[in-house]
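If you want the building blocks of each chain, they are given just below.
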Number of protein chains: 2
Amino acid sequence: MDAAVDVLLERWRGFIDDALARHLDTVGDRDGVRPPARLLDAMAHSLLAPGKRVRPLVVLAAATAVLKDETRALERAMPAALAIELVHTYSLIHDDLPALDDDELRRGRPTLHVAFDEATAILAGDALLTDAFAVLAAAGASAVHELAQAAGSAGMVGGQLDDVAAEGTTPSIEALARIHAKKTGRLFEAGAVLGGLCAGGNGDELVRLRALGRHLGLAFQIADDLLDVTAGAAADKGTGRDARHDKATWVKLLGDEAARARAHAEADAAVALARGFDAAALAALCRRSVARTR
Amino acid sequence: MDAAVDVLLERWRGFIDDALARHLDTVGDRDGVRPPARLLDAMAHSLLAPGKRVRPLVVLAAATAVLKDETRALERAMPAALAIELVHTYSLIHDDLPALDDDELRRGRPTLHVAFDEATAILAGDALLTDAFAVLAAAGASAVHELAQAAGSAGMVGGQLDDVAAEGTTPSIEALARIHAKKTGRLFEAGAVLGGLCAGGNGDELVRLRALGRHLGLAFQIADDLLDVTAGAAADKGTGRDARHDKATWVKLLGDEAARARAHAEADAAVALARGFDAAALAALCRRSVARTR
């Protein structure tokens, strides 16, 4: 059963990668004007780097949870899946800039401002963010509103600013939860809701998907904090990216054990909500969010 | 007659300023989460700086050209007017960054990265761009698609990249027209179309508004190039911003006289299209685009 779901998710990941490549091959305006070649190359550098595609998978899994006809669900939800990965990728490009986290490696490749230059990285991020809404328009105005609210000043961007401001400080657990709810959680929440919206979910289904996305986002963020420590140690660097930037993290505030327990509790809550939809793929994604932290 | 139109446009500009201020006072997500105070301050610094509000005025003028009931037209088109000014303001903030034009003054204020810092300027730009689509969702999915296409990789952002790449070169007139059509023209074009869409314009009306926006954008851009030279001389700096960056401009390629003639020809074409709508405000905006270049 679990093996079958893994095969399914891997197949969907292939569809997402194909859709991302096709998007770059076809993006342009009504008069056939294509983006400048250098801009396309820059967008491809970041967008087509190997990624887990977790957020678009959440969109597709939520859509199939509501609309059991897989083919139709994927077809309807793919623009939203594409859009959320474009937004996620832009956020990584801008976060990595010298004025923000000043990172040099991402997804196994040099960051965009290292591989190209800072001006191109700023503009490629802007382009991916803007193009995301051109793609998402196909899913309707409610989907656009959902993603823009999640990614905007009161959501992801606000959380990113709070996160930078919290470097070197020790916020309360409640404050950290608020920062992460915005920085990471809102995009997962939007992913689950977008899938539901595209599949024609009713109000009750959307409420449950929103709650699922919220738990999943938090589980994912805490697991990420835990893995960052492990990765740092494994790479023999002593510390991971978070410690290097003196980020406020769950591990720093709660310690290893309590952070792990909290991640699993959040994942369990998300899995329970997925069971309400009898949705194996969605439940598997929720379980997977903390799998590597055991 | 012209005085009456000037009063009208000034009143609309007041409505736009009010709507921008109200937007910042109320922006937030469904749970009442507001943006971080520092992010709001940064967005306000750039958004509420005195501006001509030309692009949102184009939206409102196009809407009243189609729907003669002014109150209803303004009400329907205001979200799109707001959204286009948010997008324009983000583009100024990012263009001014050290990695791009590295400018220190804008709209009579220190640029955002000077007044705050580079990280905040990048994030405030991202936030304004994203929030624009949350606002624009109220105008429907077609409006979202129109603005995202105009501002994205094949539109404004692509034009900005081309513009940076053309610094220090002498492109052909055709190449410069293509760069400016993307960098400036597409947003004017979208403004005219958005106004028409919000007012329920038919296909023929939208086609004519698109053509009007295209001519108006080019007239505005050439006039801007001309004024930049004059402003630089008047400020006793010898050169304007464009010359400082060795930008490819109409003045540089055509000379003063021919550039002025081209600007007026484009404005005349736009005015002729506005007359087809019997739309005094729209015609006045088109004439005004080149008024200071005589």
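Residues numbered from 1 in each chain as written. Chains lettered and ligands numbered in written order. Predicted model: local features only at pLDDT ≥ 70, side-chain atom pairs only at ≥ 80, totals over all residues. Heavy atoms only, no water.

Caption draft 1: Up close: the environment of Lys-68 of chain A. Residues and elements named next belong to chain A. Relative to the helices and strands, Lys-68 resides in the loop between helix 3 (54–66) and helix 4 (70–95). When its relative accessible area of 53% is taken as the criterion, Lys-68 is described as exposed. Here the alpha-carbon distance between Lys-68 and Asp-96, two residues 28 residues apart in the chain, equals 39 Å. A distance of 2.6 Å separates a polar atom in the side chain of Lys-68 from the backbone oxygen of Phe-277. (Helix = DSSP H or I, 4+ residues; strand = E, 2+ residues; numbered from the N terminus. Buried < 20%, exposed > 50% of the residue type's maximum accessible area, 1.4 Å probe, protein only. Polar contact = N/O pair within 3.5 Å; in protein donor to acceptor, adjacent residues only side chain to side chain.)

Caption draft 2: Representation of the interface of chain B and chain A. Of the residues lining the interface, 49 residues belong to chain B; the matching set on chain A comes to 49 residues. Contact with chain A buries surface across chain B, with Leu-123, Ser-153 and Leu-161 of chain B losing the most and accounting together for 15% of the total. Counting across the chain B and chain A interface gives 4 salt bridges. The salt bridge partner of Arg-186 of chain B is Asp-29 of chain A, with a shortest N-O separation of 3.4 Å. Counting across the chain B and chain A interface gives 10 residue pairs in polar contact (both at pLDDT 80 or more). Every element with two or more residues in the side of chain B that touches chain A is listed here: helix 2 (37–47), helix 4 (70–95), helix 6 (118–136), helix 7 (141–151), helix 8 (156–165), helix 9 (173–198) and helix 10 (203–234) of chain B. The greatest single-element share of the side of chain B that touches chain A, amounting to 12 residues, is contributed by helix 6 of chain B. Residues of the side of chain B that touches chain A, tallied by class, amount to 25 nonpolar, 11 polar and 13 charged. (Contact = heavy atoms within 4.5 Å. Buried area = accessible area lost by both parts, 1.4 Å probe. Salt bridge = Lys/Arg side-chain N within 4 Å of Asp/Glu carboxyl O. Nonpolar A, V, L, I, M, F, W, Y, C, P; charged D, E, K, R; others polar.)

Caption draft 3: Just the packing of aromatic side chains, in detail. This structure, assessed with the given rule, holds 3 aromatic pairs over all chains. Taken together, a centroid distance of 4.6 Å and an interplanar angle of 10° make the contact between Phe-133 of chain A and Phe-133 of chain B stacked. Placement of the pair is Phe-133 of chain A in helix 6 (residues 118–136) and Phe-133 of chain B in helix 6, with the two residues belonging to separate chains. Classification of Phe-133 of chain B by relative accessible area gives buried; the value is 0%. Note on Phe-188 of chain B and Phe-220 of chain B: the rings are 4.9 Å apart at their centroids and 45° apart in plane angle, and the pair reads as tilted. With Phe-188 of chain B in helix 9 and Phe-220 of chain B in helix 10, this pair connects stretches of sequence that are 32 residues apart. Considered together, Phe-188 of chain B and Phe-220 of chain B belong to a single accessibility category, that of buried residues. A cation sits over an aromatic face here: Arg-208 of chain A above Phe-277 of chain A, 4.3 Å from the ring centre. (Phe/Tyr/Trp six-rings, centres within 6.5 Å; stacked < 30°, edge-to-face > 60°. Lys NZ or Arg CZ within 6 Å of the ring centre and 35° of its normal.)

Caption draft 4: Highlighting the environment of Leu-112 of chain A. All names here are of chain A. For Leu-112, the location among the structural elements is in helix 5 (residues 112–115). Leu-112 sits 10 residues away from Ile-122 along the chain, and the two C-alpha atoms are 9.1 Å apart. Once residues within four sequence positions are removed from consideration, Leu-112 is found in contact with Ala-42, His-45, Ser-46, Ile-93, Asp-117, Ala-121 and Ala-124.

Caption draft 5: Region of the structure containing the relation of the copies chain B and chain A. Each copy of the sequence occupies a distinct position, and chain B is placed on chain A by a rotation of 180° and an axial shift of 0.0 Å, giving an RMSD of 0.0 Å. The transformation just described matches what one would write down for a two-fold rotation axis. Residue Ala-141 of chain B, judged by its C-alpha, is the member of chain B lying nearest the rotation axis, at 2.3 Å. Same-surface contact between copies: 100% of interface residues of chain B are shared with the interface of chain A. (Least-squares fit on C-alpha atoms with pLDDT ≥ 70 in both.)

Caption draft 6: Region of the structure containing the side chain of Arg-53 of chain B. Residues and elements named next belong to chain B. On the secondary structure map, Arg-53 appears in the loop between helix 2 and helix 3 (54–66). Overall, the relative accessible area of 4% leaves Arg-53 in the buried class. Ignoring sequence-local partners within four residues, the contact set of Arg-53 consists of Arg-13, Ile-16, Asp-17, Leu-20, Leu-47, Leu-48, Glu-85 and Arg-107.

Caption draft 7: Local environment of the environment of Gly-32 of chain B. Of note, Gly-32 of chain B is situated in the loop between helix 1 (2–26) and helix 2. C-alpha separation for the pair Gly-32 of chain B and Val-135 of chain B, spaced 103 residues apart in sequence, amounts to 16 Å.

Caption draft 8: Broad picture of the nonpolar core. Of all hydrophobic cores here, the largest spans 171 residues; its most connected members are Phe-133 and Leu-147 of chain A together with Phe-133 and Leu-147 of chain B. When residues no more than four places from it in sequence are discounted, the contact partners of Phe-133 of chain A are Val-144, Leu-147 and Ala-148 of chain A together with Thr-130, Phe-133, Val-144 and Ala-148 of chain B. (Core = buried A, V, L, I, M, F, W, Y, C linked by side-chain atoms within 4.5 Å.)

Caption draft 9: Quick peek at unusual backbone geometry. Residue and element names in this part refer to chain B. The residue Arg-53 is not glycine, and still its phi comes out positive at about 60°. For Arg-107, which is not glycine, the phi torsion reads 50° and is therefore positive. Inspection of the secondary structure assignment puts Arg-107 in the loop between strand 1 (105–106) and strand 2 (109–110).

The values reported here are purely geometric and, on their own, carry no functional implication.
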